[in-house]
Amino acid sequence: MRPGLQQMLKDAQKGNFDIIVCTKIDRLSRSIRDFFELNDIFEKYNIKMVCTTQDFNTTTAAGRMFLNMLVSFGEYEREII
């Protein structure tokens, strides 16, 4: 795992922040499994995730489906590169 991501997870456990801002979901992870493991950690520590270029609302079924599609496309892109 990436050193910066490992440090971010340590900081999350310490409660050092409550929001993660990224430009695109695939900049956080291009693996479905890894992304949802990260998402579980964020939920455990009440950390909200915001993407500046992708608008999704995970409190709705449609928003969760859209997020799943974005993560799936990120993994697909990684596999074909």
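Here's what I pulled together on the structure shown here. Only a predicted model underlies this, so the values are computations on that prediction, with no experimental measurement involved.

Details of the nonpolar core
Residues Ile 25, Leu 28, Phe 35 and Phe 42 are the most contacted members of the largest nonpolar core, which totals 18 residues. For this core, the secondary structure elements donating two or more residues are helix 1 (3-14), strand 1 (19-22), helix 2 (25-28), helix 3 (32-44), strand 2 (48-51) and helix 4 (61-80). The dominant element in this core, judged by the number of residues it contributes, is helix 1, at four residues. Residues contacting Phe 35, with those up to four places away along its chain left out, are Ile 25, Leu 28, Ser 29, Met 49, Leu 67 and Val 71.

A word on the pattern of salt bridges
Following the criterion strictly, the structure yields four salt bridges and no others. A salt bridge links Asp 26 to Lys 24; the nearest nitrogen and oxygen atoms lie 3.8 Å apart. A relative accessible area of 10% means that Asp 26 is categorised as buried. Taking the relative accessible area as the measure of exposure, Lys 24 reaches 36% and is therefore partly exposed. Here Glu 37 ties to Arg 33 by a salt bridge, and the two come within 3.3 Å at their closest N and O atoms. Remark: Arg 33 and Glu 37 occur in helix 3; sequence separation between them is four residues, near one turn of the helix. Relative accessible area serves as the criterion here: at 40%, Glu 37 is assigned to the partly exposed category. On the accessibility criterion, Arg 33 (61% relative accessible area) is exposed. A single network of salt bridges, built from pairs that share partners, joins Lys 24, Asp 26, Arg 30 and Glu 77.

Looking at the layout of surface pockets
Estimated volume of the largest pocket: approximately 430 Å³. In terms of lining, the largest pocket is formed by 18 residues, of which the most central are Lys 48, Met 49, Phe 56, Asn 57 and Thr 58. Contributions of two or more residues to the lining of the largest pocket are made by helix 3, strand 2 and helix 4. Of the residues in the lining of the largest pocket, the class split is eight nonpolar, six polar and four charged. Of the pockets and cavities examined, the second largest pocket occupies roughly 210 Å³. The leading source of residues in the lining of the second largest pocket is helix 3, at four residues. Among the residues forming the lining of the second largest pocket, the class breakdown is six nonpolar, one polar and six charged.

Topic: the packing of helix 3 against helix 4
Packing of helix 3 against helix 4 leaves a shortest axis separation of 9 Å and a crossing angle of 135 degrees. In terms of orientation, helix 3 and helix 4 fall into the oblique class. In this structure, helix 3 contributes Ile 32, Phe 35 and Phe 36 to the contact, and helix 4 contributes Leu 67, Asn 68, Val 71, Ser 72 and Glu 75.

Quick notes on the rules
- Along each chain, numbering runs from 1 in the same order as the chain's sequence is written.
- Whole-chain, interface and lining totals are the exception, using all residues; otherwise, since this is a predicted model, local features are given only for residues with pLDDT of at least 70 and side-chain atom pairs are given and counted only at 80 or more.
- To get the side-chain values, all heavy atoms of the structure are used, and hydrogens and water are removed first.
- For this analysis, a nonpolar core means a set of buried residues of the types Ala, Val, Leu, Ile, Met, Phe, Trp, Tyr and Cys, connected via side-chain atoms within 4.5 Å.
- Only protein chains enter the calculation, and the probe is 1.4 Å; a residue is then buried if its accessible area is under 20% of its type maximum, exposed if over 50%, and partly exposed in between.
- Every helix listed is a DSSP run of H or I at least four residues long, and every strand listed is a run of E at least two residues long, numbered separately from the N terminus.
- In this analysis, two residues are considered to be in contact whenever any of their non-hydrogen atoms come within 4.5 Å of each other.
- What counts as a salt bridge is simple: a side-chain nitrogen of Lys or Arg found within 4 Å of a carboxyl oxygen of Asp or Glu.
- Residues are called lining when one of their atoms sits within 4 Å of a cavity or pocket point, these points coming from a 1 Å grid over the protein atoms alone, where a cavity is a set in which a 1.4 Å probe fits but cannot get out and a pocket is an open set with protein on both sides within 12 Å along at least five of seven lines.
- Grid points are joined across faces, edges and corners, and a volume is the space filled by probe spheres set on the points.
- Asp, Glu, Lys and Arg are counted as charged, while Ala, Val, Leu, Ile, Met, Phe, Trp, Tyr, Cys and Pro are counted as nonpolar; the rest, among them Gly, fall into the polar class.
- Axis geometry follows a simple rule: fit a line to the C-alpha atoms, using only the stretch in contact for helices, then measure angles between N-to-C directions, giving values from 0 to 180 degrees.
- Oblique is the label for any angle not under 35 degrees, not over 145, and not in the 65 to 115 range, which are roughly parallel, roughly antiparallel and roughly perpendicular in turn.

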